[in-house]
Amino acid sequence: MIEREIADFDLEQIARSGQCFRFRELGEKRYSVVAGGKYIEVCQEGRLVRFDCSEETFESVWRGYFDLDADYGRYKRAVAKRDQYLQRAVAAGCGLRILRQELWETIVCFIISQQNNIGRITKCVENLCSLFGEICYNRSGQVYNAFPTVERLAACTLEEFAPIRLGYRARYILSAARQVVSGEVDLEAVRHMDYAHARTELMRLSGVGRKVAECICLFALHHIDAFPIDTHIRQVLDAHYPKGFPLKRYRGFAGVMQQYAFYYELVTN
DNA sequence: CTCCAGGCATAAA
DNA sequence: TTTATGCATGGA
């Protein structure tokens with residue numbers, strides 16, 4: 001069991017922020033997460049966060065996953081004092097973090113996310129994992145499913161996807177998986193590209209347009225200058241930033257501001 | 001019944 | 001290059 005006092009960290013906000021669909025609420029401020037094939041239970045009391053794992057696993061996996069080495073106070077202090085909207089958004093989501101999620105998993109989840117709502121996205125991801133994800137056991141001997149590998153999904157047929165209820169996104173995922181397995185799109189290369197090149201390359205995948213590619217860049221590749229504009233952010237920009245969002249002010253970490261705004265819309269609507 | 005949810009692919013202008 | 005349209009599903 002690892003215990004840490006962590007500033008600017010709120011497990012509940014992170015779990016509800018809609019960047020990862022594999023958090024499960026176990027109890028009061030207590031969640032499980034499956035990421036990169038690994039299972040962990042985390043709980044929080046005030047600033048004290050408990051990670052149920054070994055020191056080695058905490059250092060090699062979860063410190064990076066939860067972005068614990070970043071100084072979110074610095075991001076928050078950059079917010080313009082007179083920007084009332086963003087000030088409120090940061091106050092509402094003061095414990096958010098940009099996670100470092102596994103690339104293939106993030107590609108699939110955000111293909112599913114298009115023209116969809118978070119509740120149904122979560123169900124689709126659950127269905128996908130329980131059908132095609134490797135069966136694993138946590139430290140208590142409970143079963144969980146890893147996220148399906150790209151090879152496993154590439155070997156599927158559209159008919160096998162039917163019970164997942166992916167709608168028209170099923171063929172996108174199948175095609176994207178085959179593009180990766182065939183080498184047509186090289187994810188290992190994408191990992192080493194800068195933001196602009198990674199986005200362009202990801203958009204070659206079927207079902208991945210600009211918005212989904214930017215989400216993948218932000219939530220998997222940690223290009224935190226990515227600023228995905230979805231329907232909610234569009235409304236925020238129209239209502240509060242008629243002259244455009246001040247991207248220059250937040251150059252290098254605009255994606256963090258995007259996440260504060262997205263979460264704020266989530267909890268206030 | 002209609003409208004909408006973290007858009008995308010395709011065709012047409 | 002920008003702008004219209006169809007697309008699966010389920011909940012409000």
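Scroll up for the structure.
Every value quoted in this text rests on a predicted model; they were computed, and no experiment measured them. (Residues numbered from 1 in each chain as written. Chains lettered and ligands numbered in written order. Predicted model: local features only at pLDDT ≥ 70, side-chain atom pairs only at ≥ 80, totals over all residues. Heavy atoms only, no water.)

### Describing the environment of threonine 122
Tracing the sequence through the fold places threonine 122 in helix α6 (residues 118-132). Overall, threonine 122 belongs to the buried group, its relative accessible area being 18%. With 116 residues separating them in the primary sequence, threonine 122 and isoleucine 6 have C-alpha atoms 28 Å apart. Contacts of threonine 122, omitting those with residues within four sequence positions, involve Phe21 and Arg24. (Helix = DSSP H or I, 4+ residues; strand = E, 2+ residues; numbered from the N terminus. Buried < 20%, exposed > 50% of the residue type's maximum accessible area, 1.4 Å probe, protein only. Contact = heavy atoms within 4.5 Å.)

### Some details on the pattern of salt bridges
Inspection of every chain in the model, using the stated rule, returns 21 salt bridges. The network of salt bridges with common partners includes Arg4, Glu55, Glu59, Arg63 and Asp69. (Salt bridge = Lys/Arg side-chain N within 4 Å of Asp/Glu carboxyl O.)

### A short note on empty space enclosed by the protein
Summed over all chains, the structure comprises 2 cavities of 30 Å³ or more. Along its surface, the largest cavity is lined by Tyr85, Leu86, Phe227, Ile233, Val236, Leu237, Tyr241, Phe245, Met257, Gln258 and Ala261. Class assignment for the residues of the lining of the largest cavity results in 10 nonpolar, 1 polar and no charged. Lining the second largest cavity are Gln19, Cys20, Phe21, Arg22, Gln101, Glu105, Thr106, Cys109 and Phe110. (1 Å grid on protein atoms, 1.4 Å probe; cavity = no way out; pocket = protein on both sides within 12 Å on 5 of 7 lines; lining within 4 Å. Points joined across faces, edges and corners; volume = space filled by probe spheres on them. Nonpolar A, V, L, I, M, F, W, Y, C, P; charged D, E, K, R; others polar.)

### Some remarks on the protein's contact with DNA strand C
Every residue close to DNA strand C is listed here: Gln115, Arg120, Arg165, Gly167, Tyr168 and Arg169. Considering DNA strand C, the proportion of its atoms within 4 Å of the protein that are sugar or phosphate atoms stands at 70%. The contact in question runs from a phosphate oxygen of DNA strand C to an N or O atom on the side chain of arginine 165, over 3.2 Å. Tyrosine 168 is positioned such that a nitrogen or oxygen atom in its backbone is 2.9 Å from a sugar or linking oxygen of DNA strand C. When the residues that make up the surface near DNA strand C are grouped by side-chain class, the tally is 1 nonpolar, 2 polar and 3 charged. (Near = heavy atom within 4 Å. Polar contact = N/O pair within 3.5 Å; in protein donor to acceptor, adjacent residues only side chain to side chain.)

### A look at the protein's contact with DNA strand B
In the vicinity of DNA strand B lie 25 residues, with Tyr168, Val212, Asp230, His232 and Gln258 positioned nearest. Taken together, the sugar and phosphate atoms account for 56% of what DNA strand B places within 4 Å of the protein. Between DNA strand B and the protein, one listed contact pairs a sugar or linking oxygen with a backbone N or O atom of asparagine 116 at 2.9 Å. Separating a base nitrogen of DNA strand B from a side-chain N or O atom of tyrosine 168 is a distance of 2.8 Å. Among the elements of the structure, α12 (210-219), α13 (231-240) and α14 (254-268) are those that each provide at least two residues to the surface near DNA strand B. Here the element with the most residues in the surface near DNA strand B is α12; it accounts for 4 residues. Residues of the surface near DNA strand B, tallied by class, amount to 8 nonpolar, 14 polar and 3 charged.

### A look at the side chain of glutamine 13
With respect to the helices, strands and loops of the structure, glutamine 13 is situated in helix α1 (residues 11-16). Glutamine 13 gets classed as buried once you look at its relative accessible area, which sits at 10%. Only 3.4 Å separates the side chain of glutamine 13 from the backbone nitrogen of cysteine 94, close enough to count as a polar contact. Beyond its immediate chain neighbours, meaning those up to four positions away, glutamine 13 contacts Ala92, Gly93, Cys94, Gly95, Leu96 and Tyr263.

Take it as geometry only, folks, not as evidence of what the structure does.
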